[in-house]
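# Geometric and topological summary
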Amino acid sequence: MNHSISNLSSSSSSSSSSSLWFNYTCTIFSFIFFTFTFSFSLFSLSIFILRLKLWCKCSTCQSFLTSSWSKDFNNLCDWYTHLLSKSPTGTIHIHILGNIITADPKNVEHILKTKFENYPKGKPFSILLGDLLGKGIFNVDGDSWKFQRKMASLELGSVSIRMHAFNIVKSEIQTRLIPLLNSVSGQVLDLQDVFRRFSFDNICKFSFGFDPCCLELSLPMPASEFAEAFDLASKLSAQRGLSSSSLIWKVKRVLNLGSEKELKSAIKMVDQFAQRMINQRRELGFSDKSDILSRFMATMIDDDQYLRDIVVSFLLAGRDTVASGLTSFFWLLSQNPKVEFAIRDELEKVTAGISPSDDQDFVMFDQMREMHYLHAALCESLRLFPPVQLDSKFAQHDDVLPDFTFVRKGTRVTYHPYAMGRMERVWGSDCLEFKPERWLKNARYVPENPYKYPVFQAGLRVCLGKEMALVEMKCVVLAIIKRFNIQVADPNQAPTFAPGLTATVRGGLPVLVQRREA
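Residues numbered from 1 in each chain as written. Predicted model: local features only at pLDDT ≥ 70, side-chain atom pairs only at ≥ 80, totals over all residues. Heavy atoms only, no water.

Of the two faces of strand S2 (residues 99–102), the one holding Asn 99 and Ile 101 and the one holding Ile 100 and Thr 102 are both buried throughout. Judged from the four bridges that link them, strand S1 (residues 91–94) and S2 form a sheet pairing that is antiparallel. Each residue of the ladder has a partner; that of Ile 92, found in S2, is Ile 101. Between the antiparallel neighbours S1 and S2 lie four residues, among them Gly 98 with a positive phi of about 60°. Direction of pairing for S2 relative to strand S7 (residues 412–415): parallel, over a ladder of four bridges. The residue of S7 that forms the bridge with Ile 100 is Val 413. (Buried < 20%, exposed > 50% of the residue type's maximum accessible area, 1.4 Å probe, protein only. Helix = DSSP H or I, 4+ residues; strand = E, 2+ residues; numbered from the N terminus. Pairing = 2+ DSSP bridges.)

Before going further, it helps to examine the pattern of salt bridges. Summed over the entire model, instances satisfying the criterion amount to 29 salt bridges. Each member of the salt-bridge network shares a partner with another, and the members are Glu 172, Arg 176, Asp 201, Lys 205, Asp 211 and Glu 216. (Salt bridge = Lys/Arg side-chain N within 4 Å of Asp/Glu carboxyl O.)

Let us now look at the sheet that holds S7. Through backbone hydrogen bonds, the strands of a sheet pair up, either in parallel or in antiparallel fashion. Reading across the sheet, the four strands line up as S1-S2-S7-S4 and stay open at both edges, with mixed pairing between neighbours. The open sheet has two edge strands with one neighbour each: S1 and strand S4 (391–394). The average undirected angle you get between the axes of adjacent strands in this sheet is 25°. The strands touched by helix H3 (residues 76–86) within the sheet are S1 and S2, with S1 carrying the most contacts at an inclination of about 125°. (Axes fitted to C-alpha atoms, helices over the stretch in contact; angles between N-to-C directions. Contact = heavy atoms within 4.5 Å.)

In total, this model carries 22 aromatic pairs according to the counting rule given. Here the aromatic rings of Phe 210 and Phe 273 are separated by 5.1 Å at their centres, their planes lie at 65°, and the arrangement is edge-to-face. One end of the pair, Phe 210, is in the loop between helix H8 (191–208) and helix H9 (225–240); the other, Phe 273, is in helix H11 (residues 258–284), with 63 residues separating them in the sequence. According to the relative accessible area criterion, Phe 210 is partly exposed, its value standing at 26%. Judged by relative accessible area, which is 4%, Phe 273 ranks as buried. Taking the centre distance of 5.8 Å and the plane angle of 85° together, the rings of Phe 329 and Phe 330 count as edge-to-face. (Phe/Tyr/Trp six-rings, centres within 6.5 Å; stacked < 30°, edge-to-face > 60°.)

Turning to helix H7 (residues 159–183), a few remarks are in order. Compared with an ideal rise of 1.5 Å per residue, which puts 25 residues at 36 Å, H7 spans 35 Å between its outermost C-alpha atoms and is within 8% of the ideal. Along its length, H7 reaches its greatest deviation from straightness, about 40°, at Ile 173. (Expected span 1.5 Å × (residues − 1). Bend = angle between axes of the 7 residues up to and from the residue.)

Before going further, it helps to examine the confidence of the model for the protein chain. Averaged over the protein chain, the pLDDT score is 86; the fraction of residues at 70 or greater is 87%. Long-range and interchain partners of residues 4–12, a stretch whose pLDDT sits below 50, account for zero contacts in this model, where long-range means more than four residues apart. For residues 47–53, every residue scores under 50 in pLDDT, and the model assigns this stretch 11 contacts once sequence neighbours within four places are set aside. (pLDDT = per-residue confidence, 0-100.)

What follows is about the packing of H8 against helix H19 (residues 466–483). Closest axis-to-axis distance for the H8/H19 pair is 13 Å, and the angle between their directions is 135°. On the basis of their axis angle, the class for H8 and H19 is oblique. As H8 packs across H19, the resulting crossing turns out to be right-handed. Seen from H8, the contacting residues are Phe 195, Phe 198, Ser 199, Asn 202 and Phe 206; seen from H19, they are Met 468, Glu 472, Val 476 and Ile 480. Looking at side-chain class alone, the contact of H8 with H19 contains six nonpolar, two polar and one charged residues. (Parallel < 35°, antiparallel > 145°, perpendicular 65-115°, else oblique. Left-handed = near helix turned anticlockwise from the far one by under 90°. Nonpolar A, V, L, I, M, F, W, Y, C, P; charged D, E, K, R; others polar.)

Below you can see the structure in the form of structure tokens.
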């Protein structure tokens, strides 16, 4: 028995020694591993900082870093416009951002058409917006983009889906927008907020078959939890792109701090809402539904994350862009009453002799096609205030732009529709004037070169929802100016834009609404 105890003690001692040796080895290995990881991280950070050229002392980079540009300009896009107008080539280079920005139509055509394959969205852009957009059509390249593009083209190109969209807009105008404006006649309200609610109701009905009821007479605050979360996620995602280094927001994301913590929470709410909509569609059936989610599910797409990414992309495209375009249009209209008079005159001519009973006093799709001046006025408004002020790509390989600007592989290349609309070399000496007549020839609308006017992009990535967006805007404009006088509280105050993926006016657009005499 003593022999057994001795063996047991010896075995225990041996096991303890092995355990100590194992723990010691693990400690040494962990120390070496973390030392190597830390050293490698410092090395990578050094290389990253060196590539950013944060030491650049040029006046442009220093102005960006110190925000000294804000002393003379209300908006970053106006400062870029100033720099581009002063550049002999219409192209500038923000060294610290590794960003080449251009307002030259030939460069735009080169990027969006001639060398399309060399200028994808790129991995940096996909990472920047990946948490919000996932692998949706606006955030992918290659085969995934081609597949989604083909699917979206088939759906949005059909007559049935366009009429479905038109009927949704028509219903929202008749049952909510007009009654709301009637109820506040003689009062001041934020027209931008109204348009954001209006477009959010429409795009949710169109995308999910769900009505968030944001544009109720009571104007609930917030419009909806989902709308608030979606807005916050869009805003914070865009703010990532304003950082002089992506390392800043990436560290904050890892540590779950500040804006990245807020973004994570907002996206979680967006995800939960999207999942509810997908589950609901499966329970209720989708074969006889017309919304985008149902139509994509009917094509045998059964990946919930993929469906979520597709629909969130539609929400982003259909909500903020329309609201932004309408807000800018009515601000411009307040400064140009002659344009408003001309639209009303055209409306009366087109609808003359048509009985109100034909469609309850609502301008129909075919009638809007005859309104060339209205179409020209909207295009002119979008020229000066494009909802998406700039768009970036990343060069796959070294290249030379038509203006002889050298583009190194991996460089961010940005074309700037907002600045292009204000370039005298592009639009002439009257480029800053709101002049719908520039789009008309013999009183008929004549389109411009899309690379001179890339408001809806151009080339292979041209916006598929362009026509539906313009129809929605026309419906709203006609419904309002036919029944109401809209007076902007301070029409001489130039818009100041809040950070975001689309142009949103900081502080909204306060207007006085007055019902017109019949």
